[in-house]
Amino acid sequence: MKTIEYEILPTKDECTGSLKNVIDAMYVLNGKWKLALILCLVQSSKRFNEIQKEIRGISPKVLANELKDLELNYLVTRKVYSTTPVSIIYEATEYSRTLKNVLGELSAWGEQHRMKIKGK
């Protein structure tokens, strides 16, 4: 793990700005499902039921609300096709792909944390 012993610490203004940015990001990505939904949809576009099967444990009501929130923040699009019955497909936007590095870092940290907790 990297230590900050010899690094110059950020100024109070830099910390305040970073804190504001983190709070803004967490406001958009809060909850346990949003990042998982983005990962699910970055792989491929899916219907509601396909998403629910892939992300086990999420209720239909929560899934619907999370998808609406992601759509409002331009991270997911909802496309309605006038077939019989109507088809609704959810897909990740190009903007959601800007989270690639964040998701990669979270994945790496999650693995590291799991190993630490297991005592390995």
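One can find the structure itself at the top, above this paragraph.
Nothing here was measured: the structure is a model prediction, and the numbers come from that model.

Reading the values: the criteria
Residues numbered from 1 in each chain as written. Predicted model: local features only at pLDDT ≥ 70, side-chain atom pairs only at ≥ 80, totals over all residues. Heavy atoms only, no water. Buried < 20%, exposed > 50% of the residue type's maximum accessible area, 1.4 Å probe, protein only. Helix = DSSP H or I, 4+ residues; strand = E, 2+ residues; numbered from the N terminus. Arc of directions from axis to C-beta. Contact = heavy atoms within 4.5 Å. Salt bridge = Lys/Arg side-chain N within 4 Å of Asp/Glu carboxyl O. Core = buried A, V, L, I, M, F, W, Y, C linked by side-chain atoms within 4.5 Å. Pairing = 2+ DSSP bridges.

Let us now look at helix α2 (residues 34-43). Within α2, the full set of buried residues consists of Lys 34, Leu 37, Ile 38, Cys 40 and Leu 41. Each buried residue of α2 lies within a common arc of 160° when the element is viewed along its axis, so the set occupies one face. Lining the buried residues of α2 we find α1 (12-29), α3 (48-54), α4 (60-72), β1 (76-81), β2 (87-92) and α5 (100-118).

Attention shifts here to the pattern of salt bridges. This structure, assessed with the given rule, holds six salt bridges. The partner of Glu 66 in a salt bridge is Lys 34, and the shortest N-O contact between them spans 3.0 Å. With a gap of 32 residues between them, Glu 66 in helix α4 and Lys 34 in helix α2 connect regions that are remote in the sequence. The pair formed by Glu 66 and Lys 34 is uniform in burial state, with each residue classed as buried. Linking Glu 94 and Arg 97 is a salt bridge whose minimum nitrogen-to-oxygen distance equals 3.3 Å. Connected via shared salt-bridge partners are Lys 34, Glu 66 and Asp 69.

With that out of the way, let us pick up the nonpolar core. With 18 residues, the main nonpolar core has Leu 37, Ile 38, Leu 41, Ile 51, Ile 55 and Leu 67 as its most contacted residues. Put simply, the parts of the chain that give this core at least two residues each are α2, α4 and β2. Leu 67 has contacts with Leu 37, Leu 41, Phe 48, Ile 51, Val 76 and Tyr 90, leaving out every residue within four places of it along the chain.

One ladder, built from six bridges, connects β1 with β2; its direction is antiparallel. Across the sheet, the residue bridging to Tyr 81 is Ser 87, located in β2. Hairpin connection from β1 to β2: five residues lie between these consecutive antiparallel strands.

Counting through the fold element by element, Val 22 comes out in helix α1. In this structure Val 22 comes out as partly exposed when scored by relative accessible area, which is 49%. Between the C-alpha atom of Val 22 and that of Glu 111, which follows or precedes it by 89 residues, the distance is 22 Å.

Topologically, Lys 46 is positioned in the loop between α2 and α3. Owing to a relative accessible area of 7%, Lys 46 belongs among the buried residues under this scheme. Setting aside anything within four residues of it in sequence, one finds Lys 46 in contact with Cys 40, Leu 41, Ile 51, Glu 54, Ile 88, Ile 89 and Tyr 90.

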